[in-house]
There are 2 protein chains.
Amino acid sequence: MGQDDHPCYHIDSDMHQLHLTSPTRIPGASGYLYNPSTMLQVNCRGFANAIVMQPEPSSYSSSPVLEATTFIQPEKQHFAHHPGRFFYIKDETSNEIFSLPYEPVRQKNVEFKFTVGVDCIEWQVQYMQLNCHLKVTLDSELAVEVWQLNIENLSDKERKLSVYPAFSIGYHSWMNQSAHFDADLDAIIATSIRPYQKLADYDKVKALANTCFMFSDRQPQSWSANLSEFEGEGGIHNPDGVTSEHLGCEQAQYETPIAVQQHQVNLGPKQQYQLPVLFGLAKDKAQVKDIKQFYFADDSSLEKLVSVNCRSARIKNAPIQISTGDSEFDEFVSTWLPKQMDYHRQLQRLTTDPQTRNFLQDLIGVGFLDQKTVRDRILLALSQQTRNGALPDGILLNESAELKYINQVPHQDINVWLPITLQAYLDEHNDYAILEHKVPFADGEESVTVAQHLQRAMEYLISNLDQRKLSLIGLGDWCDPLNMAGPEGKGISTWLSLATSWALQITAKLIEDFDPEKAHQFAALSVTINEAVNQHCWDGQWYSRGITDAGKPFGVSEDEEGKIFLNPQSWAWLAGAVDDNQFRDSLAAIEGHLLTPFGTMMLAPAYTHMREDVGRLTQKFPGCAENGSVYNHASIFYIYGLYQQNQGDLAFSGLKQMLSLSHDNESRQQLGNFIPNYYRGKVDNLEAYAGRSSQLINTGTIAWYYRCIIEELFGLKGHKEGLLVSPKIPTDWKSVSVIRRFRGATIRIDYTQEPANKPMQLILDGKVVEGNIVKGLQQDTEYQLQVKLYLPV
Amino acid sequence: MGQDDHPCYHIDSDMHQLHLTSPTRIPGASGYLYNPSTMLQVNCRGFANAIVMQPEPSSYSSSPVLEATTFIQPEKQHFAHHPGRFFYIKDETSNEIFSLPYEPVRQKNVEFKFTVGVDCIEWQVQYMQLNCHLKVTLDSELAVEVWQLNIENLSDKERKLSVYPAFSIGYHSWMNQSAHFDADLDAIIATSIRPYQKLADYDKVKALANTCFMFSDRQPQSWSANLSEFEGEGGIHNPDGVTSEHLGCEQAQYETPIAVQQHQVNLGPKQQYQLPVLFGLAKDKAQVKDIKQFYFADDSSLEKLVSVNCRSARIKNAPIQISTGDSEFDEFVSTWLPKQMDYHRQLQRLTTDPQTRNFLQDLIGVGFLDQKTVRDRILLALSQQTRNGALPDGILLNESAELKYINQVPHQDINVWLPITLQAYLDEHNDYAILEHKVPFADGEESVTVAQHLQRAMEYLISNLDQRKLSLIGLGDWCDPLNMAGPEGKGISTWLSLATSWALQITAKLIEDFDPEKAHQFAALSVTINEAVNQHCWDGQWYSRGITDAGKPFGVSEDEEGKIFLNPQSWAWLAGAVDDNQFRDSLAAIEGHLLTPFGTMMLAPAYTHMREDVGRLTQKFPGCAENGSVYNHASIFYIYGLYQQNQGDLAFSGLKQMLSLSHDNESRQQLGNFIPNYYRGKVDNLEAYAGRSSQLINTGTIAWYYRCIIEELFGLKGHKEGLLVSPKIPTDWKSVSVIRRFRGATIRIDYTQEPANKPMQLILDGKVVEGNIVKGLQQDTEYQLQVKLYLPV
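This one's a predicted model, so the numbers in the text were calculated from it and none came from an experiment.

Caption draft 1: Examining the overall build of chain A more closely. Of the regular secondary structure elements, chain A holds 19 helices and 41 strands. Rg of the C-alpha trace for chain A: 28 Å, near the compact-globule value of 28 Å for 793 residues, within the 12% margin. Projecting the C-alpha coordinates of chain A onto the three principal axes gives extents of approximately 85 × 65 × 55 Å. Counting all 793 residues of chain A, 65% fall into the buried class. Of the contacts formed within chain A by residues at least 6 apart in sequence, a portion of 68% connects residues at least 24 apart. Carbon and sulfur atoms form 46% of the exposed surface of chain A, whose accessible area is close to 27700 Å².

Caption draft 2: The arrangement of the pattern of salt bridges in detail. A complete count under the given rule lists 82 salt bridges over all chains for this structure. Note that A:Arg345 is salt-bridged to A:Asp342, the shortest N-O span being 2.8 Å. With A:Arg345 and A:Asp342 both in helix H7 (residues 327-347), this residue pair falls three residues apart, about one helical turn. Where A:Arg468 meets A:Asp466, a salt bridge forms, and the shortest distance between an N and an O atom there is 2.9 Å. By relative accessible area, which is 28% here, A:Arg468 ends up partly exposed. Each of A:Arg45, A:Glu103, A:Arg106 and B:Glu233 takes part in a single network of salt bridges with overlapping partners.

Caption draft 3: Spatial organisation of the interface of chain A and chain B. At the interface, 65 residues of chain A touch 65 residues of chain B. Counting the surface lost from both chain A and chain B, the interface buries some 5800 Å², and carbon and sulfur atoms represent 56% of this. For the chain A face of the interface with chain B, the top three residues by lost area are A:Gln197, A:Glu233 and A:Tyr254, together amounting to 12%. The interface formed by chain A and chain B holds six salt bridges in total.

Caption draft 4: Looking closely at the packing of aromatic side chains. On inspection of all chains with the given rule, the structure shows 84 aromatic pairs over all chains. With centroids separated by 4.9 Å and ring planes inclined at 55°, the aromatic side chains of A:Phe98 and A:Tyr127 adopt a geometry described as tilted. Of this pair, A:Phe98 sits in strand S8 (residues 97-100) while A:Tyr127 sits in strand S10 (residues 121-127), and the two are 29 residues apart along the sequence. The exposure classification of A:Phe98 matches that of A:Tyr127, with both residues buried. Taking the centre distance of 5.4 Å and the plane angle of 15° together, the rings of B:Phe181 and B:Trp223 count as stacked.

Caption draft 5: Representation of the sheet that holds strand S11 (residues 130-138) of chain B within the structure. Residues and elements named next belong to chain B. With antiparallel pairing, the 11 strands of this open sheet are ordered in space as S1-S2-S9-S10-S11-S12-S20-S16-S15-S14-S18. A single partner strand is all that each edge strand has here, and the edge strands are strand S1 (9-12) and strand S18 (252-253). Pairing of strand S2 (residues 17-20) with strand S9 (residues 111-116), which is carried by three bridges, proceeds in the antiparallel orientation. Its bridge partner lying in S9, His19 is registered against Thr115. Along the sheet, helix H4 (residues 285-295) contacts strand S12 (144-153), strand S14 (176-182), strand S15 (187-193), strand S16 (211-215) and strand S20 (272-282); its crossing angle with S16, the most-contacted strand, is approximately 30°.

Caption draft 6: Region of interest: the relation of the copies chain A and chain B. Superposing chain A onto chain B takes a rotation of 180° combined with a translation of 0.0 Å along the rotation axis, leaving an RMSD of 0.0 Å. In symmetry terms, the pair is related by a two-fold rotation axis. When each C-alpha of chain A is compared by its distance to the rotation axis, A:Ala68 comes out closest, at 1.8 Å. Most of the interface of chain A is mirrored in chain B, where 100% of its interface residues again form contacts.

Caption draft 7: Broad picture of the environment of A:Leu426. Residue and element names in this part refer to chain A. With respect to the helices and strands, Leu426 occurs in helix H10 (residues 417-429). The class for Leu426 is buried, based on a relative accessible area of 1%. C-alpha of Leu426 to C-alpha of Lys720: the two residues are 294 residues apart in sequence and 8.3 Å apart in space. Not counting residues up to four positions away in its chain, the partners in contact with Leu426 are Asp431, Tyr432, Ile434, Leu435, Leu510 and Arg743.

Caption draft 8: Region of interest: the pairing of strand S17 (residues 222-226) of chain B. All names here are of chain B. With respect to burial, S17 is a largely interior element, five of its five residues being buried. Here S17 runs beside strand S19 (residues 257-267); their pairing, made up of four bridges, is antiparallel. Across the sheet, residue Trp223 finds its bridge partner in S19, namely Gln261.

Caption draft 9: Inspection of the sheet that holds strand S27 (residues 553-554) of chain A at higher detail. All names here are of chain A. Pairing in this open sheet of four strands is antiparallel, and the strands run S24-S25-S26-S27 from one edge to the other. A single partner strand is all that each edge strand has here, and the edge strands are strand S24 (471-472) and S27. Direction of pairing for S24 relative to strand S25 (residues 492-493): antiparallel, over a ladder of two bridges. For Ser471, the partnering residue across the bridge sits in S25 and is Ser493.

Caption draft 10: Spatial organisation of the packing of helix H16 (residues 632-644) of chain A against helix H19 (residues 701-713) of chain A. Residues and elements named next belong to chain A. Taken N-terminus to C-terminus, the directions of H16 and H19 make an angle of 20°; their axes are 9 Å apart at the nearest point. Here H16 is positioned roughly parallel relative to H19, judged by the angle of their axes. For the crossing formed where H16 meets H19, the hand is left-handed. Contacts between H16 and H19 pair Asn632, His633, Ile636, Phe637, Ile639, Tyr640, Tyr643 and Gln644 from the former with Thr701, Trp704, Tyr705, Arg707, Cys708, Glu711, Glu712 and Leu713 from the latter.

Caption draft 11: Here's a closer look at helix H12 (residues 494-511) of chain A. Residue and element names in this part refer to chain A. With 18 residues, H12 should reach 26 Å at 1.5 Å per residue; the first-to-last C-alpha distance of 26 Å fits that figure. For H12, the tally of buried residues reaches 16 of 18 residues, placing the bulk of the element in the interior. In this structure Ser493 caps H12, since a side-chain oxygen of it lies 3.5 Å from the backbone nitrogen of Trp495.

Caption draft 12: The arrangement of unusual backbone geometry in detail. Residue and element names in this part refer to chain A. Residue Pro104 is bonded to the preceding Glu103 through a cis peptide linkage, with omega at -10°. Relative to the helices and strands, Pro104 is located in the loop between S8 and strand S9 (111-116). One non-glycine residue, Arg106, lies in the positive phi region at around 60°. For Arg106, the location among the structural elements is in the loop between S8 and S9. Even without being glycine, Gln129 reaches a positive phi, approximately 55°. With a relative accessible area of 48%, Gln129 lands in the partly exposed category.

The rules behind each value
- Residues numbered from 1 in each chain as written.
- Chains lettered and ligands numbered in written order.
- Predicted model: local features only at pLDDT ≥ 70, side-chain atom pairs only at ≥ 80, totals over all residues.
- Heavy atoms only, no water.
- Helix = DSSP H or I, 4+ residues; strand = E, 2+ residues; numbered from the N terminus.
- Rg over C-alpha atoms; globule rule 2.2 N^0.38 Å.
- Buried < 20%, exposed > 50% of the residue type's maximum accessible area, 1.4 Å probe, protein only.
- Contact = heavy atoms within 4.5 Å.
- Areas by Shrake-Rupley, 256 points an atom, 1.4 Å probe, with all protein chains shown as cover.
- Salt bridge = Lys/Arg side-chain N within 4 Å of Asp/Glu carboxyl O.
- Buried area = accessible area lost by both parts, 1.4 Å probe.
- Phe/Tyr/Trp six-rings, centres within 6.5 Å; stacked < 30°, edge-to-face > 60°.
- Pairing = 2+ DSSP bridges.
- Axes fitted to C-alpha atoms, helices over the stretch in contact; angles between N-to-C directions.
- Least-squares fit on C-alpha atoms with pLDDT ≥ 70 in both.
- Parallel < 35°, antiparallel > 145°, perpendicular 65-115°, else oblique.
- Left-handed = near helix turned anticlockwise from the far one by under 90°.
- Expected span 1.5 Å × (residues − 1).
- Polar contact = N/O pair within 3.5 Å; in protein donor to acceptor, adjacent residues only side chain to side chain.

In short, the description is geometric, and any link to function would need to be established separately.
Below, the structure written as structure tokens:
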């Protein structure tokens, strides 16, 4: 544990690793691993959250109480019995114990290092003259955690040690749960039956994998499968099982299980000891056996398999890798951002009915990684559109999926996202043929082209306009909990009106070739909407958030709380509704009311009590989530909007502020390995909380972040004719370089920027390019592009 | 802590208290308190479960994780962060700490006494030369726990102490939760908003009391409202807040709350210190203020109020008080049984849609306490019957209640319970007028008499008979999880056929005066059903449990698991289906297969894996709940059946076995203050678990237990003409006495029993009674009755 004024965090760009040297200064600091079925988030102290899709999210490791079925909670709180993965170490001579990584013993004065890698999370802990190295990786497909412990005896005496992997299983069922030691497999095996009462649920429950296992490659000296017996009166921080000579070999028979084994070792001076431990979920014992055989078939297989898992292929193939000289920023964009995007691609927010707006926006980012996935998913979404043009609130990913929770509430914005995602996809991949691809509707046999689906989606948005040409807010828009401004069908949303306007403009361009008249209508209507917004929703210094059923504008200067919202401003820029004065005024209002050192808040001041004509939003905790946090999804819209307004320096500052970097990650209480869905906003009397991360890795932010980086900051955007180059790099950058993978080609690009009154100049493999589009790029070919930028003097 | 071979449990009949002198030998030992809104169950170590009806069950004190909404779980497991009520005590001179009652510090070598009273739970803990007395009572109406701590300095030195009440609040909401110290009230105040997403739920959530409070009558030196900050790195067993000089005065701002205060005191030799602490749930701060003023208006009020709460009125007015010389049995019947019954009367199993079969059966017991409640509830139930005769699966107790969970599954036995309950009510209260009271149906305006409702209920049961005159089991009967024998509409239930037969017999008698022809039909049909059961369901030594959809009998000798079920045997006795040989055989089978030292199992051997033609029952953990536990509700049917077969000695042995008494309460892991819904059954390889209590105080057992005690054991049953005396006391009893309250009269009864070939003799106030009915009893009058019993020689 370092002193509080010494840095406890550093990055290693070569290894793509982040290091934290204190278990107490950023206790929630976590890394996450994933494969197509499983997500494992582990924090520096050893608490873990594992979710397996089968196909609904489930967990094999829980706390010792029946937990509510809910999405992952923001700012998740930890406590001694939170599920975790621990190794107790006992010196059999002195009877001293400590634990890895840090919980549950919490030994003081330990040398500690927590390392987050792309495919691997590691700890190095030095204590009692033992150097312990612990790491975890995830199987490439299954819910199998591969833990490897290495202990080196630093002393010059022989040490007699007991090592006790102790992994939480938790309370899973009042119907049936138990755990025992299986002598065939030398494994702790726990099974449970998910509680149900209706006959119709039997088939679902039957299909669930329900066999949690933990084993090493060798026989343990003793074991315990019973949490309460293992702890005894000593408690989880000093369990009787560990302080006794041997574990009690107790089964859990309807009691809360745990998986603990004792492995004894005599370790000569400087000798090392390895213990691999596998923990996870299987269908049955037969599958546990298969897993054990697969991993422990021969001495080398574990290392081999793990190294295969660690190849980090996704980073090598990322669409952009950057070298700006700002190593933390470079590392985030080149390593952690593609990882987080790929996680979204693979696990789709750990649900089987992702909200359609998230599903579509995530595809903006996924499109930079993987064309086919995006194409398939766009067509999937359209196949769930009804003939009236409405996309559903959630996209069902499989046949048994159903719309749950928030997706049972209709939101008015869903269709907005279709043209935005389509445009990003077409730009990157030039697959205009998709517009003529035919897809059926959910409620009938009729198949129409994607262009026609898009057109109907717009007609549906148009049908939601009131006589003033403002969009009704109904039970909510992008902001789900803004649910009580419009339940009577009269309240309108300024943001949604502007979003509809922008969607119509994009659509007009996309369908121009197919239906020029309709395209013209849409474009004209977008102008009308913009005018209506300016007439009814401009509050003098900024745009309101909407007008309630009772006709009262909100998100306006006369409100004491929720005075100003971010989205209406940035989307007015996107929709082209602002004149120069309005842009300046609204930007000034944002900077005056919403800007914090950790990013831009979604609204301010946060609501502190229920406002019944705004809704559930105002009941959320002040400064958290939609109620005035730095909600990064909204912040990135704002940054994208800034780029459209050619505010490169401001936009870049926003991109940087969104990351948890060395200088402030203790305030954010998060490492720089992901962008969370929010940081807490600045709220009166809660100043100390400003910037605190939600720790949630699911967010619509990153797709737009990627887009901002690629298309705006570095200005490397796809175009029908090639790669459109239009950078907006900060004015203080002199030379940077990036590698861009685009339509199968690889382009190494060097940017230079110097003062001169000259237009940008592009040089491809030594030849000057006419205009700003690099044409004729071939697949599987490398290019060298020089981008010479000039700052007016 | 006593040694394991010393008794750790004793009873005090004068004080109506149970004492436990070890915190570790029966760690789950608990007492419960209740009022019309709230139930508080606290165990000897300080873990607590509090439920408030508003009107659905809710809790103000939870664990630090969002808990699933479920009924109270059997064999609830505890862990360090389970909700509890603790007082840390620190000696400021030595800095030593310990905690009351025992958790979370778990000091060793403490003098410990846990005392369960009727209206009060207490602890006496002696440690560090401090004698600490702690007690808790519940407000008579509100969810307010009144804790009183008294510390006596046993040493001859002045002691400087800090006392820290530390009460769990827990994680309640991802929307909004916080806690702070309110300086006006010197109170920790925590609020939260129950998470919801749909607009329609807003009104429900808004109506919930959401203000959890904790205060004393004085200002604390310091406080903490933040669980994680309070614990620091020390952990809950040794929190930084307590080991520091003062608590950190930390709010919980969306973090997990706790309520902790520091109260410092200098205590001279032999001096005492009192600290009252109130903890509970209120609508808002204003109500917290009211509560504080009410309790702390003047110096005496707390004691006064608490003593009012402690009057234990319900015991003084119990329908029977007994003196048999067996003090544990006497104390259970006279004190703990009426308490548990009254708890059921007041809180109706902590639900707003009690299962109709429970609702009706509970009334059998409630009828001995309170006529009006039973009459009202019978009429309420009938008003929810539909015109086709079907009673719903649950009775809705208020307008917003709905049928939830298991009540959404139709069960075929519901109507059986109506005549059984009616008959018990009529016997006790002679209110035959109720049969002519008119009640509407749920699905129409038509009002018919109770007798006609009853008749329709029987017609509905008759409509559920197959062509053999056996009752279809459908998706289950009394045994809810026996849900896969009859989903195709062909499988039958032996038990339900017999229950139908018995219900028809009872009904025939009840409606004889109104519709003699129908009464005759019903009686004749019951004979036919009995014959059909004997033809199709007698397995040679005992009755089967039923026949599956596929025509396969189950609960039969050729089954390897679930060979024999208890209910079909005892109900064959009740329905009069058995001849003498069948009675002897079935009794022998029960004794051979089902009897354990802890009572009679519901089935044996317990199922160890799913049997798809029996159902969910077979997936429950072997030996638990319906899957082969000593399920007391079934056991008490059996005992009632034994009494009908004049097996007084066997029946009494069953009554005794059902209680957790001195000689075996360490096996049962429960004190003798309630009958739990089950004890674990005897299962191969799980012998050590046999007898372990579920700790659940909600059970249909106690109504029947009361009935057995009053009507059968002591034979004091109501009759149209008076009190029918027909005792079935054990043959080894020589003289016992009871007080019976009956229709407003109080009768002191002395029983004597000696060998002689003479009929029973009754002497009322010195006069010999003709026959066995005591007639002409007047309200508000006391009588002396001698019952002279003779055993044939």
